[in-house]
Structure formats: C-alpha cells, structure tokens
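Here is what each chain is made of, one letter per residue.
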Amino acid sequence: MRNILTFALLLLLAGCTLTPTEQDSLPEGVSDPKEELVAQIKDNPTDLDSHADLLRMQIKDGDTEGARTTVAHALKFNGGDFRSHLLAAQYHRWQGDLISAEKSLLTARDMEPSKLEPRVALSGLYNQTYLEEEELEQRRIALELSDPAFKPEFTVDYAYAAAALGREDKASELAKKLISEKDAPADRLSRAHILLCELALRAENEDEAIQQLLKARALQPNYEGIVQYAARMVTGVSDGSALEPMFDETLATQDRAEMRWAALFGKWMLAIQRAAKGETDPLATDVDNWWRRLDAVSPSHPDTISRRYQLLMLDPKNAAEAAKTAEQLKQIDFGAPPVATKLSNLMRLWRAEDALRLGAPAITLDEVSQLEIREPGLEGLRVMKVMALFKARDDKDCLGELNSWLDETEQDDEFLVAMRWWVMLRSGRALDVMRELEKRQDDPTNASLWIEAVAKFHVYRAGAQIPDEG
C-alpha cells in the first residue's frame with residue numbers, strides 16, 4: 001500500500017510540474033531539469049537536496065501547485081528531518097503566509113535546537129518583518145552555536161544587524177572584538193573595519209571613518225567594493241584627500257573595469273571637491289579629463305552623466321551640452337536630476353545623497369536642512385528627508401513628515417503610503433495598519449499585500465485578534 005501511495009503522489013508531483021506545454025517547448029534533445037528531479041525523487045524519496053532544487057525551480061516559475069506538492073511529499077517521507085520543515089517554511093514565505101512560515105521554522109528549531117540553519121532562517125524572517133528584538137536574539141544564538149571556523153562570519157553578520165537596528169554600541173563592540181582576533185579571515189576583518197567606518201561616519205568622526213576604511217583596504221586590496229565605498233565617501237566627508245592614494249594605486253595596479261571605474265569616480269569627485277573649495281570652474285580641463293576617462297570605461301553611466309548634467313546646468317553657457325546630456329538621461333530612462341543654483345549647494349546635495357548610501361542619515365538630514373533654506377525649490381529634498389528619517393529610526397518625525405505630505409496630496413502616493421505603514425509596523429501599530437488596509441481592499445498592490453501579511457503576522461504574534469478573521 002505504501003508503494004502505491006508513493007507512486008500516486010509522485011504522479012501528482014509530475015503532473016503539477018511537467019505539463020505537455022512545458023515539455024513541448026523545449027528544444028529537441030534537451031530534457032526538462034524538473035523532470036529529471038522528479039525522477040530522482042521517485043527513486044529516492046528521502047533525497048531532500050533534490051526536493052530543495054525542485055522547489056526552487058517551481059518558485060522561480062510561479063508554479064504554486066507544484067511547489068505545494070513538493071513540500072507535501074518532502075514532509076510525508078522526511079517529516080522527521082528538520083530540513084523538510086525548512087522547505088515548508090520557504091514555500092509559506094513565498095505565499096505570504098508568514099504565520100505558517102514561522103511555525104515551520106520553529107518546528108525545525110525544536111527538532112534540532114543545536115542546528116544553525118533554523119536560527120539563520122528565523123533571523124531572516126524576523127528581519128523581513130521588522131521583529132527586530134527577535135532577529136537579534138536568533139543571530140546571537142547562531143553565533144553561540146557556530147563552529148569556531150565560522151564564528152568570524154556570524155560575528156560580522158550579528159554586528160551589521162545590530163548596526164542596522166540602531167544598536168551602534170553593540171555593533172562596535174562585536175566589530176572590535178573580531179578585530180582583536182588576528183587569526184580571523186582577512187575578508188571578515190575587512191568587513192569589521194568597514195562597519196567601524198560606517199559607525200564613525202554616523203557619528204561624523206570623519207578622520208576615524210577614513211582610517212577604518214584604509215585598514216579595510218589593506219586587508220582586501222583587490223576587493224572592488226571598498227574602492228566603490230571610498231569613491232562615495234569622498235563627498236560624504238568634508239575632505240576626502242586622504243583617500244586619493246587608494247584611487248591612484250588602483251589605477252596603477254588594477255585592470256578590472258569595476259575597480260577602475262570606482263577609482264576614476266573618486267578622482268573626479270575629489271577634483272570637483274577641490275574646485276568647490278577654491279571657487280574655480282568645476283568643468284575645467286583637468287576636472288573634465290576625469291569625467292571623460294570615466295565615460296570611456298562605462299559610457300552613459302547614470303551616476304556620471306547625471307552629475308555631469310548637474311554641473312553643466314550651473315552655467316547658462318553650457319545650455320547646448322546640457323540639453324544633449326538630458327537627452328542621454330532620457331534614453332536610459334533615468335530622467336534629469338535636481339538642479340542647484342550654486343556649486344557649493346550642489347556639493348551639499350551630493351553629500352546628502354552619498355551619506356545616505358553610506359548609512360549616515362544624520363549627515364543627510366544636516367545637509368537637507370541647509371538646502372531647504374539655500375535651495376528651497378530643489379526637487380527631491382523631501383523624499384531624501386523622509387528616507388533619512390526612516391534610516392535614522394526617527395519614527396515620530398518620519399511619520400509626521402509622511403502624514404503632512406500625504407495630507408497635501410490629492411491622490412495618495414503609493415511609495416509614501418507604504419513607507420508610512422512600515423514606520424507604523426516598526427512602531428508596534430500593526431492593528432492600525434490592518435484597519436487602514438481593510439479600507440483599501442478594492443485596489444491591492446504587491447506592496448500592500450506584503451505589508452498586510454507582515455501586519456497580520458505582528459498581530460498574531462502579539463496575541464491580538466486579527467480583524468475579520470479571528
């Protein structure tokens with residue numbers, strides 16, 4: 001009887017995932033990888049790796065029925081293996097059923113309390129749903145459970161999570177502890193220095209931020225991410241000159257396009273920064289040469305031509321070239337960026353933008369407050385302010401700004417509405433979010449459906465009654 005049930009379930013599995021249309025659409029002589037996995041599972045029903053591969057493909061293809069059957073089969077034949085419950089959680093998360101996803105993960109955790117995988121998966125779920133204390137607790141446990149060889153990796157992950165949740169002291173403590181362990185892998189030590197750089201930048205300690213970034217670079221001289229970070233940091237600090245040797249060394253020793261582009265961008269920003277301080281022409285030949293070299297590496301890159309356009313718009317004599325650059329931006333569907341009236345104000349705008357990218361929202365807020373006075377007509381300042389308040393975790397002021405903005409608009413902007421709901425969720429107001437969502441059921445969006453799932457999850461975990469469902 002068991003063999004008959006197995007065969008019937010596998011027929012259902014194949015029927016859900018291998019339709020004649022899919023089979024016929026493949027080139028002659030090419031087999032469907034899902035069909036091969038179904039055959040493998042048929043012969044080896046306890047092969048959870050094949051179940052996982054098949055589920056991954058079904059999710060990618062949007063095959064709900066097939067994915068559900070794959071999970072049911074994994075649980076039927078491997079219910080005593082915690083990994084099958086991890087697969088179930090993956091399916092439920094995809095379907096937006098966060099309550100069932102957590103239940104599956106907790107089952108996996110309880111089956112194997114010493115295993116890392118359930119802890120990591122739980123921390124990921126809590127991260128996505130703004131259950132911040134729960135996320136940090138799972139990351140702490142994962143660090144305790146990890147083998148010595150993996151502790152540096154989990155320490156860095158825990159530190160970055162703490163920093164993202166505004167726990168700067170904890171993040172700094174973890175990063176410094178890792179750095180004191182000289183036998184840790186260079187890439188993990190480098191990430192710890194980058195985190196300390198970000199924390200120093202948040203505190204507007206520019207010298208310390210630069211020194212930490214240079215230490216990270218010494219540990220990973222061939223990692224383009226550090227050069228890219230440094231290129232943005234030029235405008236994120238008042239004087240980025242100390243970063244110039246990094247760019248010069250990169251240009252002298254590296255031939256990878258990504259690294260050269262980042263180094264050239266940093267040199268270009270440095271040249272403009274110096275022009276702004278010396279009140280000289282930001283389009284002078286020496287400055288312009290860096291931009292031309294940049295454009296040669298990556299023609300019409302939005303980050304370069306948008307800033308080139310902003311420079312051109314500072315002087316009416318550049319109107320013709322500015323128009324051509326605007327057309328380039330239109331062709332790549334980027335659109336014209338905000339235009340300042342003075343170079344000093346443009347530098348403030350760039351600093352606000354790049355500080356936000358580098359995780360230093362306080363700098364962004366400082367610059368935006370100045371620009372609101374100096375350039376009151378500058379587009380995009382309000383959006384940047386809202387995003388910086390959100391990043392700074394200033395929920396009260398962020399919500400106040402969003403409410404004020406939405407009151408001024410005739411039709412709700414979906415981005416503003418969604419951000420408002422995220423702030424409310426983070427502030428423990430899930431029931432209020434659900435009540436507002438109930439009034440908008442006639443026109444749901446992907447964003448609102450996900451936020452509704454998160455709100456329902458919060459309400460369920462708080463033990464409150466879920467509206468309309470009990």
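Now for a look at the structure at hand. Everything numeric here is computed off the predicted structure, so don't read it as measured data.

1. As for the overall build of the protein chain
So, step 1. Helix and strand content of the protein chain: 26 helices and zero strands.
So, step 2. With respect to the principal axes defined by its C-alpha atoms, the protein chain has extents near 85 × 55 × 55 Å.
So, step 3. Considering the protein chain as a whole, with its 470 residues, one finds that 47% of them fall into the buried category.
So, step 4. Taking as baseline every contact in the protein chain between residues at least 6 positions apart, the subset at least 24 positions apart corresponds to 58%.

2. Looking at the pattern of salt bridges
So, step 1. In this structure the tally under the stated criterion is 45 salt bridges.
So, step 2. Of the charged contacts in the structure, one is a salt bridge between Glu224 and Arg256, with a shortest N-O distance of 2.7 Å. A residue pair is termed long-range when its members are at least 10 positions apart, and Glu224 in helix 14 (residues 224–236) and Arg256 in the loop between helix 15 (244–253) and helix 16 (257–278) qualify at 32 residues.
So, step 3. The class of Glu224 is partly exposed, set by a relative accessible area of 25%.
So, step 4. Assessed through its relative accessible area of 31%, Arg256 is described here as partly exposed.

3. Focus: the packing of helix 24 (residues 414–426) against helix 25 (residues 430–438)
So, step 1. Across the interface, helix 24 lies against helix 25 with an axial gap of 7 Å and an inter-helix angle of 150°. On the basis of their axis angle, the class for helix 24 and helix 25 is roughly antiparallel. Judged by residue contacts, Arg420, Trp421, Met424 and Leu425 of helix 24 engage Ala430, Asp432, Val433, Glu436 and Leu437 from helix 25.

4. With respect to the nonpolar core
So, step 1. If you look at the biggest cluster of nonpolar residues, it comprises 60 residues, and the most contacted ones within it are Leu213, Met233, Leu243, Phe247, Trp268 and Ile272.
So, step 2. No other element matches the eleven residues that helix 16 contributes to this core.
So, step 3. Ignoring anything within four residues of it in the chain, the contact list for Ile272 reads Pro282, Val287, Leu311, Leu343, Met347 and Trp350.
So, step 4. One finds Phe390, Leu402, Met419 and Trp422 within the second-largest nonpolar core, a separate group that totals 38 residues.

5. Some details on unusual backbone geometry
So, step 1. For Asp333, which is not glycine, the phi dihedral falls at a positive 60°.
So, step 2. Positionally, Asp333 belongs in the loop between helix 19 (319–331) and helix 20 (343–357).

6. Quick look at the environment of Leu75
So, step 1. One can find Leu75 in helix 5 (residues 64–78).
So, step 2. Overall, the relative accessible area of 29% leaves Leu75 in the partly exposed class.
So, step 3. Distance from Leu75 to Leu48, taken between C-alpha atoms, is 9.8 Å for residues 27 residues apart in sequence.
So, step 4. Once you skip the residues sitting within four places of it in the chain, Leu75 turns out to touch Ser84, His85 and Ala88.

7. Things to note about helix 22 (residues 381–391)
So, step 1. When we look at burial in helix 22, the residues that qualify are Leu381, Met384, Val386, Ala388, Leu389 and Phe390.
So, step 2. For helix 22, the elements touching its buried residues are helix 20, helix 21 (361–374), helix 23 (395–408) and helix 24.
So, step 3. Just downstream of helix 22 lies Arg393, where phi reads positive at about 65°.

8. Quick look at the side chain of Ser190
So, step 1. Locating Ser190 in the fold gives a position in helix 12 (residues 186–202).
So, step 2. Apart from residues no more than four positions distant in its own chain, Ser190 is found in contact with Ala216, Leu219, Gln220 and Ile226.

9. A short note on the side chain of Asp395
So, step 1. Topologically, Asp395 is positioned in helix 23.
So, step 2. Looking at Asp395, the relative accessible area reads 18%, which means it is buried.
So, step 3. Reaching out from Asp395, the side chain makes a polar contact with the side chain of Arg426 at a distance of 2.5 Å.
So, step 4. Beyond its immediate sequence surroundings of up to four residues, Asp395 is in contact with Val423, Arg426 and Ser427.

10. Focus on the packing of aromatic side chains
So, step 1. One pass over the full model with this rule turns up five aromatic pairs.
So, step 2. With centroids separated by 5.2 Å and ring planes inclined at 20°, the aromatic side chains of Trp261 and Phe265 adopt a geometry described as stacked. Placement of the pair is Trp261 and Phe265 together in helix 16, with a separation of four residues, close to one helical turn. Phe265 matches Trp261 in its accessibility class, with the two residues each being buried.
So, step 3. A centroid spacing of 6.1 Å and a plane angle of 75° characterise the contact between Phe265 and Trp268, whose relative ring orientation is edge-to-face. In this pair, Phe265 and Trp268 are both assigned in helix 16, three residues apart and thus about one turn of the helix distant. This pair shows no difference in class: Phe265 is buried, exactly as Trp268 is.
So, step 4. The rings of Tyr130, Phe390 and Trp422 are connected pair by pair, giving a single aromatic cluster.
So, step 5. The ring of Phe77 carries the charged tip of Lys76 above its face, separated from the ring centre by 5.9 Å.
So, step 6. Positioned over the ring face of Tyr160 is Arg191, at 4.7 Å from the centre of the ring.

Thresholds applied
Residues numbered from 1 in each chain as written. Predicted model: local features only at pLDDT ≥ 70, side-chain atom pairs only at ≥ 80, totals over all residues. Heavy atoms only, no water. Helix = DSSP H or I, 4+ residues; strand = E, 2+ residues; numbered from the N terminus. Buried < 20%, exposed > 50% of the residue type's maximum accessible area, 1.4 Å probe, protein only. Contact = heavy atoms within 4.5 Å. Salt bridge = Lys/Arg side-chain N within 4 Å of Asp/Glu carboxyl O. Axes fitted to C-alpha atoms, helices over the stretch in contact; angles between N-to-C directions. Parallel < 35°, antiparallel > 145°, perpendicular 65-115°, else oblique. Core = buried A, V, L, I, M, F, W, Y, C linked by side-chain atoms within 4.5 Å. Polar contact = N/O pair within 3.5 Å; in protein donor to acceptor, adjacent residues only side chain to side chain. Phe/Tyr/Trp six-rings, centres within 6.5 Å; stacked < 30°, edge-to-face > 60°. Lys NZ or Arg CZ within 6 Å of the ring centre and 35° of its normal.

All we've got here are geometric facts, nothing functional implied.
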